[in-house]
Amino acid sequence: MMPRFVVAGTDTGIGKTVFATALTDALAGCYWKPVQSGLDGETDSETVRRLGRIPTDRILPEGYRLTTPVSPHLSARIDGVPISPDNLSPPAVDLPLVIEGAGGLLVPLTERTVFADLFARWQFPVILCARTGLGTINHTLLSLEALRHRAIPILGVVFIGDAQADTENIIAELGQVRRLGRLPRLDPLTPDGLRQAFCDRFDIDCFREALA
């Protein structure tokens, strides 16, 4: 079975889908979003397919597709769709698999389960995406504590946004975590621009080590 990664975030809307796109493209892997909340407009899977030019057969179907763009536990309640965490088992594929969570680590999947509980069961290396802006030190260190409390393996932290050297350094030092790189905000955000930004700012060997 090929190795797998979980791309998680310290919060919602920080850019983890964009990073997951770049990583899936760089590894020539597959992408899987276990739960999609919100179906109006472009879904995360559709964004990854478009922005990464990922072939359709490498975008795996979501475990649950929920209508309302809110926390999955509430969206499932609104839709009348009971979520069973036991049914969310990552698909077996013959390529590296990038799995993207929803929002932060402690976003409720059900009334009794948060996403970090799923990650603890799977035991795949987590790549934690964090903003570089104000407040990120607290959010990132708390997220690292939540991962370690559940004995979830951590590959490292990816920063997203403008360079903030002191912020990035203190998170790496206090959090005792590897800094994998920083993805700047790209305007315009294009497939070619994203691919180049990943190549310029990340060492693919940091991720391939987990594939050995």
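Keep in mind that this is a model prediction, so the values were computed, not measured.

Parameters at a glance
Residues numbered from 1 in each chain as written. Predicted model: local features only at pLDDT ≥ 70, side-chain atom pairs only at ≥ 80, totals over all residues. Heavy atoms only, no water. Helix = DSSP H or I, 4+ residues; strand = E, 2+ residues; numbered from the N terminus. Rg over C-alpha atoms; globule rule 2.2 N^0.38 Å. Buried < 20%, exposed > 50% of the residue type's maximum accessible area, 1.4 Å probe, protein only. Contact = heavy atoms within 4.5 Å. Areas by Shrake-Rupley, 256 points an atom, 1.4 Å probe, with all protein chains shown as cover. Lys, Arg positive; Asp, Glu negative; His and termini not counted. Charge placed at Lys NZ, Arg CZ, Asp CG, Glu CD. Phe/Tyr/Trp six-rings, centres within 6.5 Å; stacked < 30°, edge-to-face > 60°. Pairing = 2+ DSSP bridges. Salt bridge = Lys/Arg side-chain N within 4 Å of Asp/Glu carboxyl O. Polar contact = N/O pair within 3.5 Å; in protein donor to acceptor, adjacent residues only side chain to side chain.

Caption draft 1: How the structure looks around the overall build of the protein chain. The secondary structure content of the protein chain amounts to 8 helices and 9 strands. Since a compact globule built from 212 residues should have a radius of gyration of about 17 Å, the 16 Å found for the protein chain is in line with a globular shape. Its C-alpha atoms put the protein chain at 45 × 35 × 35 Å along the principal axes. Across the 212 residues that make up the protein chain, the buried fraction comes to 52%. In the protein chain, once contacts between residues fewer than 6 apart in sequence are set aside, the share between residues at least 24 apart is 72%. Looking at the protein chain as shown, the accessible area adds up to about 9800 Å², and 51% of this sits on carbon and sulfur atoms. The average position of the 21 basic charges and that of the 25 acidic charges among the side chains of the protein chain differ by 1 Å.

Caption draft 2: Representation of the packing of aromatic side chains within the structure. Taken as a whole and assessed by the stated rule, the structure comprises 10 aromatic pairs. Ring centres of Phe19 and Phe198 lie 6.1 Å apart, and the angle between their planes is 40 degrees; on these two criteria the pair is classed as tilted. One end of the pair, Phe19, is in helix 1 (residues 16–27); the other, Phe198, is in helix 7 (residues 191–201), and 179 residues separate them in sequence. For Phe19, a relative accessible area of 0% translates into the label buried. Where Phe19 meets Phe202, the ring centres are 5.6 Å apart and the plane angle is 50 degrees; that geometry is what we call tilted. On the criterion of sequence distance, the pair formed by Phe19 in helix 1 and Phe202 in the loop between helix 7 and helix 8 (204–208) is long-range, its members being 183 residues apart. Taken together, Trp32, Phe115, Phe119, Trp122 and Phe124 form an aromatic cluster joined through their ring pairs.

Caption draft 3: A look at the sheet that holds strand 8 (residues 154–160). Across the sheet, which stays open at both edges, the 7 strands sit in the order 4-2-6-1-7-8-9 with parallel pairing between neighbours. One side of each edge strand has no neighbouring strand; the edge strands of this open sheet are strand 4 (59–60) and strand 9 (179–183). Both strand 2 (residues 30–32) and strand 6 (residues 97–104) contribute to a ladder of 3 bridges, which runs parallel. What sits directly across from Tyr31, in strand 6, is Val98.

Caption draft 4: Main features of the side chain of Arg4. Checked against the element boundaries, Arg4 lands in strand 1 (residues 4–9). Of the side chains with opposite charge, Asp94 comes closest to the buried, unpaired Arg4, at an N-O distance of 8.8 Å. There is a polar contact of 3.3 Å between the side chain of Arg4 and the backbone oxygen of Pro91. Among all residues touching Arg4, those that are not within four sequence positions of it are Pro90, Pro91, Ala92, Leu97, Phe124 and Pro125.

Caption draft 5: Broad picture of the environment of Pro91. As for its placement among the helices and strands, Pro91 is situated in the loop between helix 3 (72–79) and strand 6. When neighbours within four sequence positions are excluded, Pro91 is seen to be in contact with Arg4, Trp32, Leu60 and Leu97.

Caption draft 6: How the structure looks around the pattern of salt bridges. Following the criterion strictly, the structure yields 10 salt bridges and no others. Here Glu62 and Arg65 are joined by a salt bridge, their closest N and O atoms 3.2 Å apart. The buried category is assigned to Glu62, whose relative accessible area is 15%. Residues joined in a network through salt bridges with shared partners are Lys33, Asp44 and Glu100.

By themselves, these figures tell us nothing about what the structure is for.
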